[in-house]
Amino acid sequence: MTSCSRCLASSGVTSDGLIRIRLPPRATLAAAKISILPRNLGELRPGNVLRSRHLRGLMPPVEVFAAGAGWERSSDGGEGEKEKVGVCSYTIGDQRVSDVETSGGEFDRRKGLEIVVAAAVTVLLGVGNRVLYKLALVPLKQYPFFLAQLATFGYVIVYFSILYIRYHAGIVTDEMLSMPKAPFLAVGLLEALGAATGMAAGAILSGASIPILSQTFLVWQILLSVVFLGRRYRVNQLLGCFLVTIGVIITVASGSSAGHSLKEAGIFWSLLMIVSFLFQAADTVLKEVIFLDAAQRLKGKTVDLFVVNSFGSAFQALFICILLPFLSKLWGIPFAQLPNYLKDGAACFLNIGGLSKGCDGAPLLPLLFVIVNMGFNISLLHLLKISSAVVSCLASTFSVPISVYLFTLPLPYLGVASSLPKGFVAGAIVLVMGLLIYSWTPSVGSSNASTAPTNL
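The structure contained in this document is the topic of the report that follows. (Residues numbered from 1 in each chain as written. Predicted model: local features only at pLDDT ≥ 70, side-chain atom pairs only at ≥ 80, totals over all residues. Heavy atoms only, no water.)

1. Examining the nonpolar core
Consideration 1: In this structure, V303, V307 and V390 are the most contacted members of the largest nonpolar core, which totals 86 residues.
Consideration 2: Looking at this core, the element that brings in the most residues is helix α10 (residues 267-297), giving 10 residues. (Core = buried A, V, L, I, M, F, W, Y, C linked by side-chain atoms within 4.5 Å. Buried < 20%, exposed > 50% of the residue type's maximum accessible area, 1.4 Å probe, protein only. Helix = DSSP H or I, 4+ residues; strand = E, 2+ residues; numbered from the N terminus.)

Pasting the structure below:
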């Protein structure tokens, strides 16, 4: 790794509010990039200005200029002409921000591989999460509300325990814990509202129609990313997202009565379910903003995942408590009878006492679901941290058709396996095509310098 004096000749904030970064004369034009953890902010070239529109004021605009006439343009794919400059730091006003990355293709490949591996783990855990939720409801079929509250309040204990350990290990710092709590409060509120509206609509809608309506989640992700992050998407990315959505709808709806069920339920409950996915999408975009803001507040460092998870879950549990009378009514449980319901649910979960009849599979299946669900949430947040809200959404969406296929296998406790929808293969092909089109990146030589990166 080279020294910072070689990496950056000068930097600073100009009178018009630009961050001015001077790169060395021999730096490769195609390789010059800047990244503020946890996100690449895009390719920087001489004279290129990245306006703050894509970060909505989280940092000033960035201007890059060459330190002389010796700026070198590398040929497409020409390894011999590239100069790897390394990772250095620069200054924004009186704050030091680390990780200016100008190593070009090597960094991109490493980052791309990290995202692919994280996405694959997220898909795997997403499939396990969906399957184990169905299995967990076999012993707790009379107590689904208990399972939901077990997950909500159990996560608070587990996340804060892990946070405590990581704090004493030096991984979590005082600066991370002193971050403003208002965004975490908003995260908890959005998650609680998403759960409340989703439960209300889910009690009326059929099981087949919910996965179809859930595809609006991806649409909300894109719209909110454009509005609040100023992100721009290439045509192939929008087309890919559209095909992924269509593929999942074909996979789930083929051979089912989902369309008829939606019509029977009425437009109100369908719209309410769509609104619940709006809350969930806003939650993930807000978490992305938290990570971006943390890079500035922590001077280039990234906030630990368990800081976000712990405080977000704590505020969610708080709002769930406030909404508990409303939520219990949605599940058909009078609020006055809620203590007895939770007591019976706990007895069934522990598989003890006279109430445990018909609770075969507990506590193993519910515990497996809680563990895998926790792993899925952590992996989803990690993927969000290193990529974007839309990429994490695509990984989660990809688990839907795989789960549908697994339910056609003779899984334990579920009895007779369901048949594969007629259009499953066609829907899966459309979905995979969408992912491939989304992932396709045009060659660098065919495009001009970008002024607002997609981060995807």
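2. Structural notes on the packing of helix α7 (residues 216-229) against helix α15 (residues 389-406)
Consideration 1: Closest axis-to-axis distance for the α7/α15 pair is 9 Å, and the angle between their directions is 170°. Judged on the interaxial angle alone, α15 and α7 are roughly antiparallel. When α7 is examined against α15, the residues F217, L218, Q221, I222 and S225 are found in contact with a partner set consisting of A389, V390, C393 and L394.
Consideration 2: The residue inventory of the contact of α7 with α15, partitioned by class, reads seven nonpolar, two polar and no charged. (Axes fitted to C-alpha atoms, helices over the stretch in contact; angles between N-to-C directions. Parallel < 35°, antiparallel > 145°, perpendicular 65-115°, else oblique. Contact = heavy atoms within 4.5 Å. Nonpolar A, V, L, I, M, F, W, Y, C, P; charged D, E, K, R; others polar.)

3. A short note on the packing of aromatic side chains
Consideration 1: Evaluated as defined, the whole model comprises 10 aromatic pairs.
Consideration 2: A ring pair is formed by F146 and F349, whose centres lie 6.1 Å apart and whose planes are at 50°; its orientation type is tilted. Taken together, the residues span a long stretch of sequence, with F146 in helix α3 (residues 144-168) and F349 in helix α13 (residues 338-350) at a distance of 203 residues. Just as F146 is buried, F349 falls in that class too.
Consideration 3: A connected cluster of aromatic rings, assembled from ring pairs, spans Y143, F145 and Y341.
Consideration 4: Between the NZ or CZ atom of K181 and the centre of the ring of F311, over which it lies, the distance is 5.0 Å. (Phe/Tyr/Trp six-rings, centres within 6.5 Å; stacked < 30°, edge-to-face > 60°. Lys NZ or Arg CZ within 6 Å of the ring centre and 35° of its normal.)

4. Re a nonpolar patch on the surface
Consideration 1: Nonpolar side chains collect at one region of the surface, where L113, V117 and V121 lie side by side and expose about 260 Å² of accessible area between them.
Consideration 2: With respect to the secondary-structure elements, V121 resides in helix α2 (residues 105-136).
Consideration 3: Residue class for V121 comes out partly exposed when judged on its relative accessible area of 40%. (Patch = residues over 30% accessible without salt bridge, like charges linked within 9 Å, V, L, I, M, F, W, Y side chains within 5 Å. Areas by Shrake-Rupley, 256 points an atom, 1.4 Å probe, with all protein chains shown as cover. Salt bridge = Lys/Arg side-chain N within 4 Å of Asp/Glu carboxyl O.)

5. A closer look at the pattern of salt bridges
Consideration 1: Considering all chains together, one arrives at five salt bridges under this definition.
Consideration 2: Between D304 and R166 there is a salt bridge whose closest N-O contact spans 2.7 Å. Here R166 lies in helix α3 and D304 lies in the loop between α10 and α11 (305-322), a separation of 138 residues in the sequence.
Consideration 3: Accessibility expressed as a relative area gives 7% for D304, which makes it buried.
Consideration 4: By relative accessible area, which is 24% here, R166 ends up partly exposed.
Consideration 5: A salt bridge links K287 to D283; the nearest nitrogen and oxygen atoms lie 3.7 Å apart. Here the residue K287 and the residue D283 both occupy positions in helix α10, the gap between them amounting to four residues, near one helical turn. There is no split in this pair, since K287 and D283 are both buried.
Consideration 6: Within this structure, E191, D283 and K287 form a network of salt bridges that share partners.

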